[in-house]
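# Commentary on secondary and tertiary structure
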Amino acid sequence: MKVLVVGGGGREHALVWKLAQSPKIAKMWCAPGNAGICLERLSSNGEPVECVAIGAKDLPAMLDFAKENQPDLTVVAPDDPLALGIVDLFEKNGFRAWGPNQKAARFEASKAFSQDFMLRHGIPTSASGTFGDPDEAKAFAASLNGRCAVKADGLALGKGVLLTTSIEESDGAIQKIMVDKAFGDAGDDVVIQELLEGMEVSLHAFCDGKTAKLFPTSQDHKRVLDNDEGLNTGGMGTYSPAPFLNDEQLATVGSAIIDPWLKGCAEEEIDFKGILYPGIMLTDSGPKVLEFNARFGDPETQVYLPRLENDLVDLFEASIDGRLSDVELNWSNKTAVCVVMASGGYPESYPKGKVISGLDEANALQDTVVFHAGTKQDGDSIVTNGGRVLGVTAWRDTLTEARDAAYEAVSRISFEGAHFRRDIAAKAL
Ligand code: AMP
Ligand code: GLY
């Protein structure tokens, strides 16, 4: 079969790497892809994966490409095209596309929608309010003594959340999002949540509209510096499984959240086919949902897929066809660790075009893959082309071995200004 993958970051490299192992795929494109994705080859016939220079948000160009090349399956990874309705558009034109439709993608595209949905359906979350008026928002934040998460309602490249611990800070955050429009229209409305304390974990569930199959646990590291200091980022590293929930606790947490969510979707006629990725805080008073994402996490995908034993094509097809109840997800017992190498300056402004060396040496290590995120080919060199540049991933029998192996691979790679956290997975050790 012929497969088109939409997106071009580390998550998409992990998806392409895993899909390329499927004996069912004879041709694969990735739009726009990156330098690492174009180096992947299909295990069925040795053909290279072809990168196509179409931006993930350019829906008309994506559809034209599909009409010309007739993919049998299109896998949509990033949030933006999902929110724009790419799955609806492809289906209307007779193409099979995997990912939530536009209505279902609202779980991520509107934090206000998600928060209201959780209240309607009794899903545990933090005390919160949604506001279109800055003064009302400030008054609510003040009622929480300024200890809150101030969130732009819409999509903001994962950066639209400001955590505050005083009224001065919460006033400033509301001003920045609603009045100064630091995240554009995404900040017309804000969701203000009480600041929760506890251990944060990521859940993922494969969904087909009726059934949700939970993945094992993983944990991301959102802050840019060691010890969870510094600015929030898209994610600086992950590992899976995370030891804070055993299988039984995971199932309990899952059903406290996923069961009412599925029931709510049925009641509101939301046909969610894709990955539901709730961010969860394990608080003293139980697990609480911080947010819903409607896609694979990045860099969670980089540690999940090396552990997944199923053919990913089968899972996408079962999700589209509503057959997930017949499918069992199989995971290896290995622990995987991903360390993100970022450009100097990230998550603020950073230069591009720095030559990356040592990629082959790192990739040559056993059970180790360097997933590319912001990279591009420049003549004979691979150069940096984004904030998060690489997701260096290794899997081993134990967490300590996996962590050491990932950092061993990181030590072989260099580019000017590169920085990474040195404490990925440390919380679990
Ligand atoms: P979000 O994009 O909504 O997941 O928020 C980004 C990050 O901000 C999360 O991964 C948490 O680390 C943090 N965060 C979000 N909401 C809260 C909250 N209510 N309490 C504490 N931390 C939060
Ligand atoms: N790991 C953070 C995200 O994908 O939003």
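Up top is the structure.
Anyway, here's the lowdown on the structure attached to this text. (Residues numbered from 1 in each chain as written. Chains lettered and ligands numbered in written order. Predicted model: local features only at pLDDT ≥ 70, side-chain atom pairs only at ≥ 80, totals over all residues. Heavy atoms only, no water.)

### With respect to the overall build of the chain
- What the chain contains, in helices and strands, is 13 helices and 23 strands.
- Expected size for 429 residues packed as a compact globule is a radius of gyration near 22 Å; at 21 Å, the chain falls within 12% of this value.
- Projected onto its principal axes, the C-alpha coordinates of the chain cover approximately 60 × 45 × 45 Å.
- Taking the intrachain contacts of the chain between residues at least 6 apart in sequence as the baseline, contacts between residues at least 24 apart amount to 68%.
- Within the structure as shown, the chain displays about 16,900 Å² of accessible surface, and the carbon and sulfur contribution to it stands at 46%.
- Across the chain, the centroid of the 41 positively charged side chains sits 2 Å from that of the 63 negatively charged ones. (Helix = DSSP H or I, 4+ residues; strand = E, 2+ residues; numbered from the N terminus. Rg over C-alpha atoms; globule rule 2.2 N^0.38 Å. Contact = heavy atoms within 4.5 Å. Areas by Shrake-Rupley, 256 points an atom, 1.4 Å probe, with all protein chains shown as cover. Lys, Arg positive; Asp, Glu negative; His and termini not counted. Charge placed at Lys NZ, Arg CZ, Asp CG, Glu CD.)

### Things to note about the sheet that holds strand β9 (residues 190–194)
- Spatial strand order, β6-β9-β7-β8: four strands in an open sheet with antiparallel pairing. In the strand order of this sheet, the two ends are held by β6 (128–131) and β8 (161–165), each with one partner. Across the sheet, the mean angle separating the axes of adjacent strands is 20° when strand polarity is ignored.
- Packing against the sheet, helix α6 (residues 111–120) makes contact with β6, β7 (147–152), β8 and β9, and its axis sits at approximately 50° to β9. (Pairing = 2+ DSSP bridges. Axes fitted to C-alpha atoms, helices over the stretch in contact; angles between N-to-C directions.)

### Focus: the site of ligand 1
- Lining the immediate surroundings of ligand 1 are 15 residues, of which Lys151, Gln193, Leu196, Glu200 and Glu291 lie closest.
- A distance of 3.0 Å separates a nitrogen atom of ligand 1 from a polar backbone atom of Glu194.
- Within the contact set of ligand 1, an oxygen atom lies 3.1 Å away from a side-chain nitrogen or oxygen of Lys222.
- When ligand 1 sits alone it has 470 Å² of accessible area, and the protein chains cover 92% of it.
- Elements with a contribution of two residues or more to the shell around ligand 1: β7, β8, β9 and β18 (286–293). (Near = heavy atom within 4 Å. Polar contact = N/O pair within 3.5 Å; in protein donor to acceptor, adjacent residues only side chain to side chain.)

### Topic: the sheet that holds strand β23 (residues 388–396)
- The five strands lie next to each other as β13-β16-β19-β23-β20, forming an open sheet whose pairing is antiparallel. Two strands lie at the open edges of the sheet, namely β13 (219–220) and β20 (368–372), each paired on one side alone.
- By the bridge criterion, two bridges tie β13 to strand β16 (residues 237–240) in an arrangement that is antiparallel. The residue of β16 that forms the bridge with Asp220 is Thr238.
- Sheet contacts for helix α1 (residues 10–19): β20 and β23; angle to β20, the most-contacted strand, approximately 130°.

### Focus: the pairing of strand β15 (residues 229–232)
- Relative to β15, strand β14 (residues 223–225) runs antiparallel, the two sharing two bridges. In the sheet register, Leu225 faces β15, and the bridge partner there is Glu229.
- The turn linking β14 back onto β15 is made up of three residues, and Asn227 within it adopts a positive phi angle of 60°.

### Details of the site of ligand 2
- Around ligand 2, a shell composed of Asp220, Lys222, Gly234, Tyr277, Arg295, Gly297, Asp298, Pro299 and Glu300 is seen.
- Interatomic distance of 2.7 Å between a side-chain N/O atom of Asp220 and a nitrogen atom of ligand 2.
- The backbone of Asp298 places a nitrogen or oxygen atom 2.9 Å from an oxygen atom of ligand 2.
- For the shell around ligand 2, the residue count by class is two nonpolar, two polar and five charged. (Nonpolar A, V, L, I, M, F, W, Y, C, P; charged D, E, K, R; others polar.)

### Considerations on unusual backbone geometry
- Looking along the chain, the bond that leaves Ser240 and enters Pro241 is cis, with omega of -5°.
- Residue placement: Pro241 occurs in the loop between β16 and α9 (247–267).
- A cis amide bond links Tyr346 with the next residue in sequence, Pro347, at an omega value of 10°.
- Within the secondary structure, Pro347 is located in the loop between β19 (335–342) and α12 (359–363).
- Here the phi dihedral of Asn227 falls at roughly 60°; this positive angle occurs in a residue that is not glycine.
- Topologically, Asn227 is positioned in the loop between β14 and β15.
- A relative accessible area of 60% places Asn227 in the exposed class. (Buried < 20%, exposed > 50% of the residue type's maximum accessible area, 1.4 Å probe, protein only.)

### Focus on the packing of aromatic side chains
- Inspection of every chain in the model, using the stated rule, returns 24 aromatic pairs.
- Look at Phe107 and Trp261: their rings are 5.6 Å apart centre to centre, the planes differ by 55°, and that puts the pair in the tilted class. Placement of Phe107 in helix α5 (residues 106–109) and of Trp261 in helix α9 is noted, with a sequence separation of 154 residues between them.
- On the accessibility criterion, Trp261 (1% relative accessible area) is buried.
- Seen in terms of ring centroids, Phe206 and Phe296 are 6.3 Å apart; in terms of plane orientation they differ by 85°. Their pairing is edge-to-face. Of this pair, Phe206 sits in strand β11 (residues 205–208) while Phe296 is found in the loop between β18 and α10 (300–304), placing the two residues 90 residues apart along the sequence. Neither Phe206 nor Phe296 differs from the other in exposure class; each is buried.
- Feature note: the residues Trp98, Phe206, Phe215, Phe296, Tyr304, Phe316 and Trp331 constitute an aromatic cluster, connected by ring pairs. (Phe/Tyr/Trp six-rings, centres within 6.5 Å; stacked < 30°, edge-to-face > 60°.)

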